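Per-entry structural report
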Amino acid sequence: MNSNLDFLIENINLDLYPIHNKGCEDYKLAVSNFRIQLDEFGCAHLQNFIKDEKLTLIKEQSESVASLAHYHENEITPYATEVDKSLDKSHPINRLQKFSNGFVAKDLLPEEMIIKNLYKNDFFKSFIADCLDLDVIYEYEDPIAGLVINVMPEDTALPWHFDTNEFIVSLMTRKPESGGEFQYSPSIRQPGNENYQGVQEILDGDMSSVKSLTLDTGDLQLFKGRFSMHRVAPCKGTRLCALFGYSDKEGVMGRVKRTKDVYGRVTQAHIDAELKVREDGLAG
């Protein structure tokens, strides 16, 4: 018995997404489709990824751990770094925004959860790597942030920011009653070019470069968040979304400040990783 395959058959809409059959034409077509979406928009939307009969379970599983989320209200910059007093207060690095939502850390998620089994599934990881045109991806080694559930009750905010790693995979596990759209500016920065002017325009309210995506429960999303600034719009009712941390490199860890702010704690592994310099040279 192949437990990886059994899991997919039970939970994933393989008719739409035959991620278990790498050699078939439907698989190749799906991968080609998502690569085009990622190249053009920095984002790929996989609707109805989870089987209809599993939507209630995946919603209930995420709701059952939502109370374990670490909440904090804070003001953060788009880079989740300290302000730079050598720069003007209006500079994007110094632009503080309200942050008020919660995250359930990976080490608090029960092993039987669908999202935890999907995160570790070899077929799934190979499919995600193919969509990203990578030879292989690695599970995010951060012991706290590798797989998390973002908990956004009404009147909370996940403001404009960049991700620590180059891409993120997310699965909506509970759609809010209204609002909660995912908003992003594709590839607003690149290695060696922070494009502070473009970032500042969005922070000042110019949404001309911003795209908006509404996710339903069971929808999967691939997103290049290291280079695309993004946020979640305010919502009515609670929004729950699982975030899968993968990387094209081994050993990726969250920064100490961001980890402490978001999860309320850090490990020695975070402290050790802080001593390393990120290869892309970008802030945050």
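My aim in this report is to walk through the structure given alongside it, one point at a time. (Residues numbered from 1 in each chain as written. Predicted model: local features only at pLDDT ≥ 70, side-chain atom pairs only at ≥ 80, totals over all residues. Heavy atoms only, no water.)

Here strand β1 (residues 43-46) shows a buried face lined by Cys 43 and His 45 and a second buried face lined by Ala 44 and Leu 46. Of the pairings in the sheet, the one linking β1 to strand β11 (residues 220-223) comprises 4 bridges and is antiparallel in character. Considered in β11, the bridge of Cys 43 is made with Phe 223. (Buried < 20%, exposed > 50% of the residue type's maximum accessible area, 1.4 Å probe, protein only. Helix = DSSP H or I, 4+ residues; strand = E, 2+ residues; numbered from the N terminus. Pairing = 2+ DSSP bridges.)

Read across the sheet, 4 strands follow the order β6-β12-β9-β10 without closing on themselves; strand pairing throughout is antiparallel. Two strands bound the open sheet, and with one partner strand each, they are β6 (158-161) and β10 (211-213). Each neighbouring strand pair of the sheet contributes to a mean axis angle of 15°, computed without reference to strand direction. As judged from the 2 bridges shared by β6 and strand β12 (residues 229-232), these two strands associate in the antiparallel manner. Among the inter-strand pairings, Leu 158 is bridged to a residue of β12, identified as Val 232. Here helix α6 (residues 196-203) sits on the sheet in contact with β6, β9 (182-185) and β12, set at roughly 20° to β12. (Axes fitted to C-alpha atoms, helices over the stretch in contact; angles between N-to-C directions. Contact = heavy atoms within 4.5 Å.)

For the structure on display, the rule yields 16 aromatic pairs. Note on Tyr 79 and Tyr 196: the rings are 6.1 Å apart at their centroids and 80° apart in plane angle, and the pair reads as edge-to-face. Placement of the pair is Tyr 79 in the loop between β2 (70-76) and β3 (97-104) and Tyr 196 in helix α6, with a sequence separation of 117 residues. Through pairs of rings, three or more aromatic residues link up here, namely Tyr 17, Tyr 27, Phe 34, Phe 49, Tyr 119, Phe 124, Phe 127, Phe 244 and Tyr 246. Between Arg 189 and the ring centre of Phe 162, over which it is positioned, the NZ or CZ distance is 3.9 Å. (Phe/Tyr/Trp six-rings, centres within 6.5 Å; stacked < 30°, edge-to-face > 60°. Lys NZ or Arg CZ within 6 Å of the ring centre and 35° of its normal.)

Take empty space enclosed by the protein next. Summed over all chains, the structure comprises 1 cavity of 30 Å³ or more. Considering only enclosed or pocket space, the largest cavity measures out at about 610 Å³ in volume. Taken together, the residues that form the lining of the largest cavity break down as 18 nonpolar, 12 polar and 6 charged. (1 Å grid on protein atoms, 1.4 Å probe; cavity = no way out; pocket = protein on both sides within 12 Å on 5 of 7 lines; lining within 4 Å. Points joined across faces, edges and corners; volume = space filled by probe spheres on them. Nonpolar A, V, L, I, M, F, W, Y, C, P; charged D, E, K, R; others polar.)

Moving on, we get to the nonpolar core. Core analysis: the biggest nonpolar cluster contains 60 residues, and Phe 49, Ile 115, Phe 124 and Phe 244 have the highest contact counts within it. Here Phe 124 is in contact with Ile 19, Phe 49, Leu 118, Val 169, Leu 220, Phe 244 and Tyr 246, once residues within four sequence places are set aside. With 10 residues, the next largest nonpolar core counts Trp 160, Ile 202, Val 210 and Met 229 among its residues. (Core = buried A, V, L, I, M, F, W, Y, C linked by side-chain atoms within 4.5 Å.)

Attention now moves to the pairing of strand β5 (residues 147-152). Of all the 6 residues making up β5, 6 are buried; the element is thus mostly covered by neighbouring parts of the structure. On β5, burial covers both faces: Leu 147, Ile 149 and Val 151 on one face and Val 148, Asn 150 and Met 152 on the other are all buried. Relative to β5, β3 runs antiparallel, the two sharing 3 bridges. The residue bridging Val 104 from the neighbouring strand is Ile 149, located in β5.

So, about α6. Note that an α-helix has 3.6 residues per turn; residues three or four places apart therefore point the same way. Buried within α6 we find Gly 198, Val 199, Ile 202 and Leu 203. The buried side chains of α6 occupy one side of the element, clustering within an arc of 140° when seen end-on. Those residues of α6 that are buried lie in contact with β3, β6, β9 and β12. Once α6 ends, the next one or two residues include Gly 205, with phi positive near 110°. (Arc of directions from axis to C-beta.)

Taken together, the 7 strands give an open sheet; going across it, the order is β1-β11-β7-β14-β5-β3-β2, and neighbouring strands pair in antiparallel fashion. Of all the strands in the sheet, just β1 and β2 have a single pairing partner and so form its edges. Between one strand and the next, the sheet's axes are offset by a mean angle of 25°, whatever the strand orientation. Pairing of strand β7 (residues 168-174) with strand β14 (residues 239-244) involves 5 bridges; the strand directions are antiparallel. Along β14, the bridge assignment pairs Leu 171 with Ala 242. Set on the sheet, helix α7 (residues 256-263) makes contact with β2, β3 and β5; between it and β2 the angle comes to about 130°.

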